[in-house]
Amino acid sequence: MRIGKHLPFATLILLLLLVSTAYAGTTGKIVGQVTDSETGEPLVGANVVLEGRSRGAATDLDGEYLIHNVSPGSYTMLVSNLGYQTLRIEDVRVSIDKTATIDAELSSVVLNAAPEVTVTASRPVIRKDLTSTEVNVGQEEIQMMPVENFGEVVGLQAGVVNGHFRGGRSNEVVFMIDGVIVTDPYKASDPFGRETSNQVENSAIQEIQVVSGTFNAEYGQAMSGIVNVVTREGSQEEYTGNLSIGYGDYVSNRSLNIGYYDSEGGLKSYMDNVNPMELQDYQFSLSGPVPGLVGGLTFFVNGRYLDDNGKLYGQRIFSPSDSSDFSASNRNNWYIEQSGDGEDVTLDPFRKWSGQFKLTQRFSNGAKLSYQIMRDDMKYRNLDNLVYKDEIEDPRKFKYNPDGNYWQYGTGQNHIVNWNQALSDRTFYTAALSYTHNTYKFYVYEDPDDPRYVSPDRLQDAQNYAFYTGGQGMWHQERSTDKAGVKLDVTTQVNKLHQLKGGVDLNQYRLQLEEYQLVVDSETNELIINPLTSWDHNIYPERDAESPLSGLPFGGPGFRPLNFASYLQDKIEYDFMIVNIGVRLDYFHPDGEVPTDLRDPGNDRYSYFNSATGETIPNLDPINPVNEDGSYNQWYDKYRPAESHTQFSPRVGIAFPLTEAGVVHFSYGHFFQIPPFQYLYDNPEFEVLSGNLASIIGNAELKPEKTVMYEIGLQQEIAPGLGMNVTGYYKDIRNLLGTEILRTYDNRMYARYVNRDYGNVRGITVALDRRMSNMVSAAFDYTFQVAEGNSSDPRDVFENNQSDPPRETVKKTIPLDWDQSHTVNLSVNIGEPGEWGIGLIGRAGTGLPYTATPFLQQEGQTNGSRKPAHYNLDLKTYYTLNVSGLRPTITLNVYNLFDIANENDIFTDTGRATYTLQRNQAFNVQGYNSLNDFFTHPEFYSAPRQVKLTLSVGF
């Protein structure tokens with residue numbers, strides 16, 4: 001069935017014209033006081049301007065000034081007054097949503113004195129207006145780190161563990177580009193992983209704002225954190241650009257895989273396969289003024305092509321079409337068909353193309369208009385299970401038949417139009433229109449009629465701990481999510497104490513999905529789309545009449561959910577206290593249906609009620625609505641529209657500056673988030689298969705998940721340029737997604753997604769930050785955390801009841817899958833930024849929990865055991881020359897410098913990745929591989945050492 005018809009764009013456009021919407025912060029402000037350097041008296045009417053920008057202010061009767069609506073970055077500020085030397089203050093840093101305080105002392109003009117004095121602004125170690133945990137990472141800092149994408153920068157922040165912010169589920173974080181949400185709402189996944197669309201390349205980032213604590217009322221649809229990336233803009237004064245070419249490979253003595261030998265019979269290692277072309281990375285950027293058009297128009301363009309051949313090796317010994325027979329008890333009588341070319345093949349290749357283009361028009365009155373388009377396309381393979389299906393193929397088993405595994409494809413495209421204008425010297429607004437399009441696909445061959453598809457029986461040729469010797473994946477999935485939105489945010493500095501900010505937010509989505517399995521028709525012996533898969537597949541493609549796969553039950557409802565939000569917040573800034581207080585209203589319309597009677601979800605839309613017996617009779621044909629006994633059959637609709645949801649979220653944060661070098665803060669807030677859409681609309685026709693719990697259905701009336709968060713922290717400058725931040729936090733999490741088990745009138749069991757899970761998180765973080773001084777900067781953070789709940793996976797109850805006998809569902813809090821008790825991050829940079837540098841990033845963490853299952857014994861306590869700890873060190877070193885205006889740079893990145901084989905996954909009977917007791921009890925393999933080969937899992941380990949050399953030229 002078809003999910004999603006065309007968005008009601010006419011209705012949406014009308015709403016956009018009528019409604020203003022909230023715009024997440026992308027600017028900060030500068031305040032301060034201008035005084036006479038000799039008398040200390042305030043100077044009235046002094047001019048304070050940002051050089052090269054149409055931003056400035058004049059001081060009031062107290063010598064104070066305010067410059068608001070300033071984009072994040074580094075600026076030069078000019079302070080002047082009649083009869084005084086002009087003061088030029090360089091490196092004034094502005095961050096998102098924060099206040100930079102820059103005071104200035106002007107000296108009187110004397111004979112032979114210089115007309116201008118230049119100083120460098122000192123960056124305060126302590127941010128007095130910080131009322132929750134937040135980190136801002138600028139372009140200069142990112143360039144010195146050994147990181148490949150901004151997700152790795154996010155992962156370095158205190159309280160972040162493998163994409164989980166302070167113990168929350170990975171989908172509880174919102175990712176924004178220039179204040180616009182671009183997270184795919186359909187799927188529950190890490191929004192900052194490598195295989196996620198809508199990523200911004202490091203070279204295009206101006207600043208990253210990471211909020212891992214309580215966040216202000218302007219931010220919604222998140223329970224654990226906010227990541228807001230502000231992209232670069234072109235300069236009005238000059239052209240800048242950069243072109244880089246990088247090559248690399250894995251350089252390690254690790255074996256490619258046990259049982260996989262070189263020509264001399266020895267174990268083959270990564271060193272035997274070193275090829276610098278295995279990793280290719282090409283990037284460019286160009287920015288500057290647009291010539292020949294209106295003044296003030298600038299551009300920024302960025303592009304990247306990345307081709308990483310992967311780290312997990314197999315060998316193309318078999319092709320999908322090969323047919324072998326391993327049934328004979330004597331190996332000499334096996335029939336093996338091998339049509340592969342024997343080439344070494346990686347099982348996890350990754351290719352990505354990304355591009356960004358941004359136009360910015362600055363007007364003489366200070367207004368700014370920008371448009372940007374971003375797009376990325378990815379194609380990759382990995383060893384992850386792609387869908388929750390019992391029939392899904394094991395991707396690891398394609399080791400010697402790699403062409404049979406699925407290719408995965410992802411695209412992301414964003415259009416964002418921003419308009420920013422000051423209404424007065426104290427009030428400005430920012431409006432935005434946005435459109436986001438995400439797609440994801442997986443299949444072996446795009447066309448289900450492709451003649452290369454062979455019978456799924458080929459997947460059964462090899463048995464008993466054997467890799468596939470033929471066959472291919474039989475599933476197809478294609479889905480897309482479209483989001484159209486409009487936003488407006490108004491900020492006004494009412495007086496010296498109060499800054500008010502408010503707005504509303506409207507977004508409409510369109511969801512499309514098609515998913516099906518190819519099976520063999522028992523009558524024709526030809527491949528067809530499995531007609532039984534309609535029970536748990538949200539959509540079928542519309543097929544041409546001449547297609548042999550036509551005539552199946554396609555069609556169905558469309559889903560176009562809509563959410564609306566409004567908020568109001570006040571930032572109150574006293575000398576002795578800063579308060580952020582606000583409230584948010586969220587409304588969500590799911591545009592779905594739910595069964596009227598959960599005991600009769602049924603396959604047809606209507607059921608009947610017998611007035612004599614009081615029974616509900618599904619699927620009865622009402623030829624005679626009145627029975628012989630005079631009773632009647634009442635025909636009723638089995639589905640009703642899902643209800644909408646509304647919730648209020650109060651937020652408050654308070655900071656108390658104790659001294660010039662110390663600030664204490666406290667914050668509290670309620671945070672709501674709609675569960676990922678895949679759980680609202682799964683199996684939307686509510687079809688239930690017979691058998692032992694074979695079906696699961698979505699629930700369009702899922703309530704928003706809720707977190708109440710508390711935080712208390714201390715910022716302290718413990719030495720010049722060295723700051724410490726200690727924060728304690730607690731999260732109470734309710735209405736998390738889970739499943740319940742139901743039974744139909746005819747005794748069929750099925751599961752349904754509901755709000756039933758809960759959890760709590762408590763922890764403390766300690767962070768030290770040393771600003772760049774004497775060519776050295778460093779950052780250290782430690783997190784102690786306890787993340788508990790009754791379930792880590794929404795499907796736990798469903799899967800527990802599928803086992804034979806059913807496993808008892810946990811009725812108490814247990815460690816969650818991502819509960820890493822101790823986490824340490826260390827970053828050290830040595831050098832002169834932009835000239836030369838050495839950067840090191842070290843990470844360490846204790847083991848994650850798992851459920852021990854001793855071989856041939858009863859399963860242990862859920863998540864009662866721990867995996868081994870992990871450690872890692874990455875290195876970056878670069879050197880830049882200056883040759884005739886060009887800046888050639890050579891960069892060496894080494895990831896996993898000491899080639900540590902961390903055991904990320906393990907065998908649950910031993911707790912190690914190195915061995916399992918199952919090996920000793922396994923039957924003889926009926927297939928190509930050996931037992932040692934089958935029980936060796938290189939994917940359980942962290943990636944080997946990777947070396948990458950990059951040559952770049954900038955100007």
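Residues numbered from 1 in each chain as written. Predicted model: local features only at pLDDT ≥ 70, side-chain atom pairs only at ≥ 80, totals over all residues. Heavy atoms only, no water.

## A look at the confidence of the model for the protein
Moving on, step 1. The pLDDT averaged across the protein works out to 84; a share of 87% of its residues lies at or above 70.
Moving on, step 2. Confidence over residues 532–557 falls short of pLDDT 50; this stretch has 81 contacts with residues more than four positions distant or in other chains.
Moving on, step 3. This model gives residues 619–626 a pLDDT under 50, and the stretch forms 14 contacts once residues within four places in sequence are excluded. (pLDDT = per-residue confidence, 0-100. Contact = heavy atoms within 4.5 Å.)

## Quick word on the sheet that holds strand 2 (residues 47–50)
Moving on, step 1. Spatial strand order, 3-2-5-6-9: five strands in an open sheet with mixed pairing. Bordering the open sheet on either side are strand 3 (56–58) and strand 9 (116–120), each of which pairs with just one other strand. Across the sheet, the axes of successive neighbouring strands diverge by a mean angle of 20°, strand direction being ignored.
Moving on, step 2. Two elements, strand 5 (residues 73–80) and strand 6 (residues 86–94), share six bridges in a ladder whose sense is antiparallel. Opposite leucine 78, over in strand 6, you have arginine 88 as the bridge partner. (Pairing = 2+ DSSP bridges. Helix = DSSP H or I, 4+ residues; strand = E, 2+ residues; numbered from the N terminus. Axes fitted to C-alpha atoms, helices over the stretch in contact; angles between N-to-C directions.)

## Describing the environment of valine 797
Moving on, step 1. Take valine 797: it is sitting in helix 5 (residues 796–802).
Moving on, step 2. Accessibility expressed as a relative area gives 9% for valine 797, which makes it buried.
Moving on, step 3. For the pair valine 797 and threonine 739, spaced 58 residues apart in sequence, the C-alpha separation works out to 5.8 Å. (Buried < 20%, exposed > 50% of the residue type's maximum accessible area, 1.4 Å probe, protein only.)

## A short note on the nonpolar core
Moving on, step 1. Counting 26 residues, the largest nonpolar core has Phe150, Phe175, Val200, Ile208, Val227 and Val229 as the members making the most contacts within it.
Moving on, step 2. Broken down by secondary-structure element, the contributors of at least two residues to this core are helix 3 (150–154), strand 13 (173–177), strand 15 (205–211) and strand 16 (225–231).
Moving on, step 3. Ala57, Tyr65, Ile67 and Val92 belong to the second-largest nonpolar core, a separate cluster that totals 23 residues. (Core = buried A, V, L, I, M, F, W, Y, C linked by side-chain atoms within 4.5 Å.)

## Quick notes on the packing of aromatic side chains
The description of two aromatic rings rests on the distance between their centres and on the angle between their planes.
Moving on, step 1. A full pass over the atoms with the stated rule returns 30 aromatic pairs.
Moving on, step 2. Between tyrosine 247 and tyrosine 282 the ring centres are 5.9 Å apart and the planes differ by 85°, which places this aromatic pair in the edge-to-face class. In this pair, tyrosine 247 is assigned in strand 17 (residues 240–250) and tyrosine 282 in strand 18 (residues 279–289), connecting sequence segments 35 residues apart.
Moving on, step 3. Three or more aromatic residues joined by ring pairs form one cluster here, namely Phe318, Tyr400, Tyr465, Phe467, Tyr928, Phe934 and Phe935.
Moving on, step 4. Sitting over the ring of tyrosine 729, arginine 166 keeps its end group 4.3 Å from the ring centre.
Moving on, step 5. In this structure, arginine 396 is placed above the aromatic ring of phenylalanine 934, and the distance from its NZ or CZ to the ring centre is 5.0 Å. (Phe/Tyr/Trp six-rings, centres within 6.5 Å; stacked < 30°, edge-to-face > 60°. Lys NZ or Arg CZ within 6 Å of the ring centre and 35° of its normal.)

## Thoughts on the side chain of glutamine 361
Moving on, step 1. For glutamine 361, the location among the structural elements is in strand 22 (residues 350–362).
Moving on, step 2. Residue classification places glutamine 361 among the buried positions, given a relative accessible area of 11%.
Moving on, step 3. Separated by 2.8 Å, the side chain of glutamine 361 and the backbone oxygen of glycine 295 make a polar contact.
Moving on, step 4. The residues touching glutamine 361, leaving out its near neighbours within four places in the chain, are Val294, Gly295, Gly296, Leu297, Ala367, Lys368 and Leu369. (Polar contact = N/O pair within 3.5 Å; in protein donor to acceptor, adjacent residues only side chain to side chain.)

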